[in-house]
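Each chain is listed here by its residues.
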Amino acid sequence: RPKDVGILAMEMYFPRRCISEEELEEFDGVSKGKYTIGLGQKYMACCDDREDINSFLLTAVHNLLEKYDIDPTSIGRIDVGTETAVDLSKASKTFLMDLFAAAGNTDVEGVDSKNACYGSTAALFNAVNWVESSSWDGRNALVVCGDIAIYAEGSGRPSGGAGACAMLIGPNAPLAVEPIRGTHMVHAYDFYKPKLDSEYPEVDGPLSITSYISAVDASYAAFRKKHAKAKKVASLNGAGEASLAAFSLADVDYPVFHSPYGKMVQKAHARLVYNDFLANPAHPKYAAVANPAALLAQPHKESLLDKTLEKTFMAVAKTDFDTRVEASMKCARRCGNMYTASLYGGLSSLVASVEPAELLGKRISMFAYGSGIASSFFTIKVKGDTSAIRANLDLVNRLAAIKVVPCQEYVDSLKLREEHHLLKSWTPAGSVDNIWPGAYYLEEVDGKYRRKYARAP
Ligand code: CAA
């Protein structure tokens, strides 16, 4: 049986342009601090009609293969996660096959997984499961995810962004995916895309926030229950049941979260701390929590809307956030929401931020959230040297090299996307100068809606 199946290599892709959220506040005429403090946003990536999800994913995979000198015939499975697909039938995975079929490799399992931002985690679980299964043919897998997160004019727009991630999956990985997963899936209309004539989602903002937080609670509880069962931990109350108190944030070195916007991650982390408090309220680290008895008695539904509770635990969690979570926010701070790639942008930010010797042996928790709702809490153990991933990502330099452009350019770019969305017979109007050298871009869409891609010089 293959051991330590997980992430062997990572590559991130993001557009060449971004806008400043501080400038956007002024541009939109909203109160100062609304996006930068209220949402915790700094910048968000910008792309026009020259790019689509297939060009994003082609670049991410091409660069991964090139940087790590991966033989295309050594890949036996590709799982894609995206919610920006441009075809209701043809998977984005099939576009990636050009990179493998050219080397004579068409024996590649896997297609696309879709559920808002969760598709990437479904893809990762599929790839890991394949390598661990009796169907495994001994080759590595790829997980590829990415999205263009854009919103209609209004309160959702500042929480946009874009980006993609490609990961090589196989045994003896430095970032080994541990076996326990806590999952919470229910039906909700918090964020969804029912329109064929627009890329913009329908969003129930307040519901999306409480849905995210209740998914933190439920997937964390499911994880802890399974963890306790696996470890056969005796109950604290002596009743012989497995104890939920057995696993806490103290067992994690770096918590990483899906990041729709910065403040949501702060809220989610604080919520994990609140969950730990509920399991072990007497711990001295909660000494500053006022009226703990009332919090312990509060019904779950009420707790989701309790702003005082939220503020209390954000304050309790602040130092921990700064020391253990902020390191995973580099991509989110520069590119905004990448939907499916957001969580893995968080992981790559962490790998890029923490010295490999420091990271070795550490446990990373991952909270995946896709509206609709699909969510999971799982962990990754750093079992090996992450130097090569860190060097190949070169994330700090590459994020800094993204050009900050005026907000009007962002609005104009979205206009181009709106005008051309799913038309036939058109040539993108966006300039190829806005594409990174060597990256793929959309060259044309022909009279039968067929998309043709080229690479920038
Ligand atoms: N200075 C400082 N703070 C300010 C401010 C100012 N001038 N103006 C407002 N704020 C604060 C508010 O007090 C509020 O703080 P709290 O969160 O602590 O309550 C915060 O800014 C947000 O303000 P509003 O409550 O007025 O909300 P909004 O109208 O700005 O909308 C949003 C926020 C609902 C998140 C909206 O941006 C949106 O719909 N985004 C898309 C949906 C989304 O990202 N949801 C997150 C969970 S769903 C998910 O995770 C999936 C996904 O990727 C989309």
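Residues numbered from 1 in each chain as written. Predicted model: local features only at pLDDT ≥ 70, side-chain atom pairs only at ≥ 80, totals over all residues. Heavy atoms only, no water.

**Student:** Honestly, the confidence of the model for the chain in this entry has me stumped. Any pointers?
**Tutor:** Fine structural detail should not be taken from predicted coordinates in areas where pLDDT scores are low. Per-chain confidence: the chain averages 96 in pLDDT, with 97% of residues scoring 70 or above. Across the assembled chains, the prediction reports ipTM 0.99 with pTM 0.97. (pLDDT = per-residue confidence, 0-100.)

**Student:** I'm lost on the environment of Glu51 in this one. Help?
**Tutor:** Looking at the secondary structure, you find Glu51 in the loop between strand 3 (43–46) and helix 2 (53–67). Residue Glu51 is classed as buried on the basis of its relative accessible area, which comes to 4%. Residues Glu51 and Ile78, 27 residues apart in the sequence, show an inter-C-alpha distance of 22 Å. Sequence-distant contacts of Glu51, defined by excluding residues within four places in its chain, comprise Tyr13, Pro15, Phe56, Ile148, Arg417 and Ile435. A distance of 2.4 Å separates a polar atom in the side chain of Glu51 from a polar atom in the side chain of Tyr13. (Helix = DSSP H or I, 4+ residues; strand = E, 2+ residues; numbered from the N terminus. Buried < 20%, exposed > 50% of the residue type's maximum accessible area, 1.4 Å probe, protein only. Contact = heavy atoms within 4.5 Å. Polar contact = N/O pair within 3.5 Å; in protein donor to acceptor, adjacent residues only side chain to side chain.)

**Student:** Any chance you could explain helix 12 (residues 342–353) here in plain terms?
**Tutor:** Two residues of an α-helix separated by three or four positions point the same way, owing to the 3.6 residues in each turn. For helix 12, built from twelve residues, the straight-helix expectation of 16 Å at 1.5 Å per residue is met to within 8% by its first-to-last C-alpha distance of 16 Å. Burial analysis of helix 12 places eleven of its twelve residues in the buried class, the great majority of the element. (Expected span 1.5 Å × (residues − 1).)

**Student:** I tried to follow the sheet that holds strand 2 (residues 17–20) on my own but got confused; where do I start?
**Tutor:** In any sheet, the strands associate via hydrogen bonds between backbone groups, in a parallel or an antiparallel arrangement. On the basis of which strands lie adjacent, the open sheet formed by three strands has the order 3-2-14 and mixed pairing. With partners counted over all chains shown, the strands left at the sheet margins are strand 3 and strand 14 (403–404), one partner each. Sheet analysis places strand 2 next to strand 14, joined by two bridges and oriented parallel. The residue bridging Arg17 from the neighbouring strand is Lys403, located in strand 14. Relative to strand 2, helix 1 (residues 21–28) is tilted by about 60°, and along the sheet it contacts strand 2 and strand 3. (Pairing = 2+ DSSP bridges. Axes fitted to C-alpha atoms, helices over the stretch in contact; angles between N-to-C directions.)

**Student:** What am I meant to see in the site of the ligand here?
**Tutor:** Around the ligand, a shell composed of 27 residues is seen, among which Ser31, Lys34, Ser155, Lys267 and Lys307 lie nearest. The side chain of Lys34 places a nitrogen or oxygen atom 2.8 Å from an oxygen atom of the ligand. Separating an oxygen atom of the ligand from a side-chain N or O atom of Asn337 is a distance of 2.9 Å. Where the shell around the ligand is concerned, the elements lending two or more residues are helix 6 (205–231) and helix 7 (262–279). For the shell around the ligand, the element with the most residues is helix 6, which contributes three residues. (Near = heavy atom within 4 Å.)

**Student:** Help me understand the packing of aromatic side chains in this model?
**Tutor:** Given two aromatic rings, their pairing is described by the distance between the two centres and the angle made by the two planes. Counted under the stated rule, the structure contains 18 aromatic pairs. Consider the rings of Tyr220 and Phe247, whose centres lie 6.5 Å apart with planes at 75°: the pair is edge-to-face. With Tyr220 in helix 6 and Phe247 in the loop between helix 6 and strand 11 (254–257), this residue pair connects regions lying 27 residues apart in the sequence. The two residues Tyr220 and Phe247 agree in class, both being buried. (Phe/Tyr/Trp six-rings, centres within 6.5 Å; stacked < 30°, edge-to-face > 60°.)

**Student:** How do you make sense of the pattern of salt bridges when you look at a structure like this?
**Tutor:** Should their charged atoms come close, side chains of opposite charge can pair. Enumeration according to the criterion identifies 27 salt bridges in this entry. Between Asp48 and Arg17 there is a salt bridge whose closest N-O contact spans 3.1 Å. You can see Asp48 sitting in the loop between strand 3 and helix 2 and its partner Arg17 sitting in strand 2, a full 31 residues away along the chain. What makes Asp48 buried here is its relative accessible area of 5%. Among the ionic pairs, Glu418 bridges to Lys415, the shortest N-O distance being 3.5 Å. With a gap of three residues between them, Glu418 and Lys415 both fall in helix 16 (residues 407–420), about one helical turn apart. Look at Glu418 and you get partly exposed, because its relative accessible area is 37%. Relative accessible area serves as the criterion here: at 46%, Lys415 is assigned to the partly exposed category. In this structure, a network of salt bridges that share partners links the residues Glu11, Lys67 and Arg398. (Salt bridge = Lys/Arg side-chain N within 4 Å of Asp/Glu carboxyl O.)

**Student:** I'm lost on helix 2 in this one. Help?
**Tutor:** In a regular helix each residue adds 1.5 Å, so 15 residues correspond to 21 Å; helix 2 covers 21 Å between its end C-alpha atoms and thus fits that length. The buried fraction of helix 2 is high, at 13 of 15 residues. Capping of helix 2 at its N-terminal end is provided by Asp52; its side-chain oxygen lies 3.0 Å from the backbone amide nitrogen of Asn54. Phi turns positive, to about 50°, at Asp69, one or two residues after helix 2.

**Student:** What is the right way to read unusual backbone geometry from this model?
**Tutor:** For residues other than glycine, phi is negative in most cases, and the peptide bonds are mostly trans. Cis geometry marks the peptide bond from Gly372 to Ile373, where omega comes out at 20°. Turning to its location among the elements, Ile373 is positioned in the loop between strand 12 (363–370) and strand 13 (374–382). For Asn172, which is not glycine, the phi dihedral falls at a positive 55°. With respect to the element layout, Asn172 can be found in the loop between strand 7 (161–170) and strand 8 (175–185).

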